[in-house]
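# Per-entry structural report
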Amino acid sequence: MPSRPTYIGRPQQDRRADSALKGKRTYVADVALPDGLDIAFVRSPVAFGSITELDISEALGIDGVVAAHTGADVAALGKLSVNPVIEILASMPYPILAQGEVQAVGQPVAAVLASGASQALDGCESIVLDIDDSGQPPVPKTVAKQVWSTGDATGVFADADIIVECQLQHPRLAPSPMEPRGIAVRYEPETGCVTIWHSTQTPHRTRTELASILSISPERIRVIADCVGGAFGMKASLYPEEVFTVWAAFEHKRSTRWIASRSEDFLSATHGRGVASFGRLALSKDGDFLALEANTQAPVGRWLPNSGLITAWNAARVLPSGYLVPTVEIETQAIAQNLGPTGIYRGAGRPEANCLMERLVDKAARALEVDPLELRQRNLIPTSALPMATATGNLLDSGDYAHALELLREHGDYDAALRTREARRADGVLAGVGVAFYLEPSGNGWETADVTMHVDGKVEVASGSSSQGHGRETALAQIAADVLGMELANIDVRCGDTATCPAGIGALASRSTAIGGSAVMRACEEARMRQDAGEALPITASCRYENDGQAWGYGCYMITLEIDRDTGVITLGRSTCVDDAGRIINPAQVHGQIRGGFAQGVGEALMEQVVYDEDGQLLTGSFMDYTMPRAADIPALGIHTTETPSPLNALGAKGVGEAGTIGAPPAILNAVLDALSPLGIEDMDMPLTPSKLWHAIAAAEQE
Ligand code: SMO
């Protein structure tokens, strides 16, 4: 790290914000493809069954339609890969188009290529599809499982003074980036190569997977992920529709495009959360945590489970969060069912784990009649014990967890908030105060950077990491400018293009600054050293940086709120966030991440839920049925940060991209149940909608 940085640690405006705000950027749907074909898909209308009839002949007669395809045409292609985080049955099929059977409503069954999107849709309308779904629906099935265990949990629970337990069903969520999925393929007839604009977080992975599925050389594929209008984990997977679009370009030697509608994203893009969890915490009468038992069940689709396994893994391995719990028995399962696919969604299991733990701690505080903030401070792992190996196979790197809560007490005026709550309660108002601590595993894996110092004083940085619209380029430029001792304006940063950037993982899992930034830092250090040693410009230095272990961001959130007894409507009051993201490169972007994540946390806690009926039909297929938070729903936020550098990457940075979505839901849930505690209500599942609250309040007041 430069000892006196000029840019690192100072807020810098996202260098691409201006053009984005003025609508001057090119998203995938804006890419011009002269003579390109638009693609539309026929999707399964039922959740399971065998295809008995599929007739595409009429589609071929429709004006503008060039071709139509069914599963048979792509049967020889490779399968979509599965993210192998936990044990999985490799035999689950993930076909590009259904092969005789369907596994979910919305699964692509046939495709039409036409000169125009509406003609392609007309073609789809004319296809005859019949599916026999008269048999018994398949039962949910455990396809992956992992267990961690230390000590004798049964014995500890048998002897414990106090035991609290909690059952939580997390809402299933639709990630909903501003830009739906999209892919545009420009076919170059002279070379037989393609240039692909893909709305993705992982452009290099798109290239390698396509090459492997289509059995062609990666040399023939260039992937560009320039403007990605948000992704949130939903665009970290390659989708069958996207593979088909690229296959069709090679097959027909034409440019092709598929742009998902919002409803297609609800139907067939990966959902997040949906985890069911159960936990028990054993405590001594003095309030020491003794043992945790937890069981989490994460849903995956029978069709395309892909990154859903990460959720199952994180929902358990983040337990028991930042607390000292000597004995644990933790199990996680991924359960396949005939619903839409699931995957990582901003937080990806971390909110689930933290919600379970934070509910247990609040319940324990109530049982012990001690202050919930104090009970947390007493049981958090002390700084002197870090780094510490956890029962779930992690290494917690660094932090001062209890100090974060101390700051929360100060900045959130905790004691005053409790006094206000008591006064409001005395007036008969349902008022609550909730706090939650969280851990955010981040900063994983490797990334690359190429740095070139030119004769004219300009510097080019090419990163293997990418941006999903969150301004990664700005942070990387700040790092390069400081290490090279140059003006920020002279640093050009490129990412998201497999032809001009070195290979990398991309933008996911809160790791692109910590690891991508460390690669930039090391490459710049080498370039500067060679320049200082007398080497003439231009100088190019490259780095493949791999971390020494995962960084663990952490923090704590405090919410005050009131619930209207007559309507069940919640009004969020002052909310306070204390987050530790390790070394902060760009405070403006850190605050932006916390604010945006918090907004999505409010959506999860209060509004959002994907709903299926008992036949697996999606009931929430548009924003008319699926409630998203709006600006006016987000309370005033006090955002505070601390900086405890991680010893496990060169920058010392930790991730903060998911902080808000992890910290806000448990704090809101705790505040709501605190507000309802005078009525004796102890449990409730998110989303905490007015209707749900109104019914619960009415039922409690009846008694
Ligand atoms: S859920 Mo994230 O984009 O790893």
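About the cut-offs
Residues numbered from 1 in each chain as written. Predicted model: local features only at pLDDT ≥ 70, side-chain atom pairs only at ≥ 80, totals over all residues. Heavy atoms only, no water. Pairing = 2+ DSSP bridges. Helix = DSSP H or I, 4+ residues; strand = E, 2+ residues; numbered from the N terminus. Axes fitted to C-alpha atoms, helices over the stretch in contact; angles between N-to-C directions. Contact = heavy atoms within 4.5 Å. Parallel < 35°, antiparallel > 145°, perpendicular 65-115°, else oblique. Left-handed = near helix turned anticlockwise from the far one by under 90°. Nonpolar A, V, L, I, M, F, W, Y, C, P; charged D, E, K, R; others polar. 1 Å grid on protein atoms, 1.4 Å probe; cavity = no way out; pocket = protein on both sides within 12 Å on 5 of 7 lines; lining within 4 Å. Points joined across faces, edges and corners; volume = space filled by probe spheres on them. Domains from an automatic or database assignment. Salt bridge = Lys/Arg side-chain N within 4 Å of Asp/Glu carboxyl O. Polar contact = N/O pair within 3.5 Å; in protein donor to acceptor, adjacent residues only side chain to side chain. Expected span 1.5 Å × (residues − 1). Core = buried A, V, L, I, M, F, W, Y, C linked by side-chain atoms within 4.5 Å. Buried < 20%, exposed > 50% of the residue type's maximum accessible area, 1.4 Å probe, protein only. Phe/Tyr/Trp six-rings, centres within 6.5 Å; stacked < 30°, edge-to-face > 60°.

A separate point is the sheet that holds strand 13 (residues 256–259). Ordered in space as 3-5-1-13-10-11-12, the seven strands form an open sheet in which the pairing is mixed. This sheet does not close on itself; its edge strands, each paired only once, are strand 3 (65–70) and strand 12 (221–224). Along the sheet, successive strands turn relative to each other by an average axial angle of 20 degrees, direction set aside. With four bridges connecting them, strand 10 (residues 182–188) and strand 13 associate as antiparallel partners. In the sheet register, Ile183 faces strand 13, and the bridge partner there is Trp258. Against the sheet, helix 2 (residues 117–125) contacts strand 1 (37–43), strand 3 and strand 5 (108–114), and its axis sits at roughly 30 degrees relative to strand 1. Docked against the sheet, helix 5 (residues 240–252) engages strand 1, strand 3, strand 5, strand 10, strand 11 (193–198) and strand 13, running at close to 15 degrees with respect to strand 10.

So, about the packing of helix 9 (residues 372–379) against helix 10 (residues 401–411). At a minimum axis separation of 9 Å, helix 9 and helix 10 run at an interaxial angle of 160 degrees. On the basis of the axis angle, helix 9 is roughly antiparallel to helix 10. When the axes of helix 9 and helix 10 are compared, the crossing they make is left-handed. Residues Leu373, Glu374, Arg376 and Gln377 of helix 9 pack against Ala402, Leu405, Glu406 and Arg409 of helix 10. Of the residues that constitute the contact of helix 9 with helix 10, the class distribution is three nonpolar, one polar and four charged.

For the rest of this paragraph, the subject is empty space enclosed by the protein. As enumerated under the stated definition, the model contains two cavities of 30 Å³ or more in all. Reported here for the largest cavity is a volume of approximately 50 Å³. Looking at the lining of the largest cavity, its residues break down into three nonpolar, one polar and two charged. In this structure, the second largest cavity encloses a volume near 40 Å³. What lines the second largest cavity is Val74, Ala75, Leu77, Gly78, Lys79, Pro95, Ile96 and Gln99. Looking at the lining of the second largest cavity, its residues break down into five nonpolar, two polar and one charged.

A few words now on the packing of helix 12 (residues 472–484) against helix 13 (residues 512–532). For the pair helix 12 and helix 13, the least separation of the axes is 9 Å and the interaxial angle reads 30 degrees. What the angle tells us is that helix 12 and helix 13 run roughly parallel. Relative to helix 13, helix 12 is oriented so that their crossing is right-handed. For the pair helix 12 and helix 13, the contacting residues are Arg472, Ala475, Leu476, Ile479, Ala480, Val483 and Leu484 in the first and Ser512, Thr513, Gly516, Gly517, Val520, Met521, Cys524, Glu525, Ala527 and Arg528 in the second. Its residues assigned to classes, the contact of helix 12 with helix 13 comprises ten nonpolar, four polar and three charged.

What follows covers the domain arrangement of the chain. As assigned here, the chain comprises domain 1 (17–25 + 445–546), domain 2 (31–136 + 177–231 + 235–268) and domain 3 (272–443 + 550–702). Domain 2 and domain 3 are separated by 36 Å when their C-alpha centres are compared. Domain 2 puts 32 residues into the contact, and the matching count from domain 3 is 26 residues. Taken together, the connections running from domain 2 to domain 3 amount to zero salt bridges. In this structure, the connection of domain 2 to domain 3 is made through four residue pairs in polar contact (both at pLDDT 80 or more). If you tally residues by element for the side of domain 2 that touches domain 3, the top one is helix 6 (residues 262–268), at five residues. Here the side of domain 2 that touches domain 3 is composed, by residue class, of 23 nonpolar, seven polar and two charged.

Before going further, it helps to spend a moment on helix 12. With 13 residues, helix 12 should cover 18 Å at 1.5 Å per step; its first-to-last C-alpha distance of 19 Å lies within 8% of that length. Positive phi appears at Gly485, one or two residues downstream of helix 12, with a value of about 65 degrees.

Our focus in this paragraph is the nonpolar core. Counting residues in each nonpolar core, the largest one holds 90 residues, and the members touching the most others are Leu292, Leu561 and Ile563. Discounting residues that sit within four places of it in the chain, Leu561 has contacts with Leu430, Ala431, Gly432, Ile570, Thr571, Leu572, Gly573, Ile668, Ala671, Val672 and Ala675. Counting residues in each nonpolar core, the second largest holds 39 residues, with Phe41, Leu113, Met234 and Ala248 among its members.

Inspection of every chain in the model, using the stated rule, returns 13 aromatic pairs. Seen in terms of ring centroids, Tyr401 and Tyr554 are 4.7 Å apart; in terms of plane orientation they differ by 65 degrees. Their pairing is edge-to-face. Taken together, the residues span a long stretch of sequence, with Tyr401 in helix 10 and Tyr554 in strand 25 (residues 551–563) at a distance of 153 residues. As far as the burial class goes, Tyr401 and Tyr554 line up, both buried. Ring-pair connections join several aromatic residues into one group, and the members of that group are Phe289, Tyr323, Tyr401, Phe437 and Tyr554.

What follows concerns the layout of surface pockets. Considered as a void within the structure, the second largest pocket measures approximately 410 Å³ in volume. Going through the elements one at a time, helix 8 (350–368), helix 11 (414–426), strand 20 (430–442) and helix 15 (659–676) are the ones with two or more residues in the lining of the second largest pocket. If you tally residues by element for the lining of the second largest pocket, the top one is helix 8, at six residues. Residue classes in the lining of the second largest pocket are distributed as ten nonpolar, four polar and ten charged.

Under the defined criterion, the tally for this structure stands at 37 salt bridges. A salt bridge links Asp38 to Arg257; the shortest N-O distance between them is 3.0 Å. Within this pair, whereas Asp38 is found in strand 1, its partner Arg257 is found in strand 13, the two being separated by 219 residues in sequence. When sorted by exposure, Asp38 lands in the same class as Arg257, which is buried. Residues Arg186 and Glu188 are paired through a salt bridge, measuring 3.5 Å at the closest nitrogen-oxygen approach.

Of note, Arg16 is situated in the segment before helix 1 (17–21). In sequence terms Arg16 and Ala72 are 56 residues apart; their C-alpha atoms lie 44 Å from each other. Apart from residues no more than four positions distant in its own chain, Arg16 is found in contact with Arg25, Asp226, Cys227 and Glu473.

Let us now look at the sheet that holds strand 27 (residues 637–642). Taking strand neighbours across the sheet as the criterion, the four strands line up as 20-25-26-27 in an open arrangement whose pairing is mixed. The open sheet has two edge strands with one neighbour each: strand 20 and strand 27. Geometrically, the sheet is characterised by an average inter-axis angle of 15 degrees between neighbouring strands, direction not taken into account. Here 13 bridges tie strand 20 to strand 25, and the two strands are oriented antiparallel to one another. The partner of Leu439 across the bridge, within strand 25, is Tyr554.

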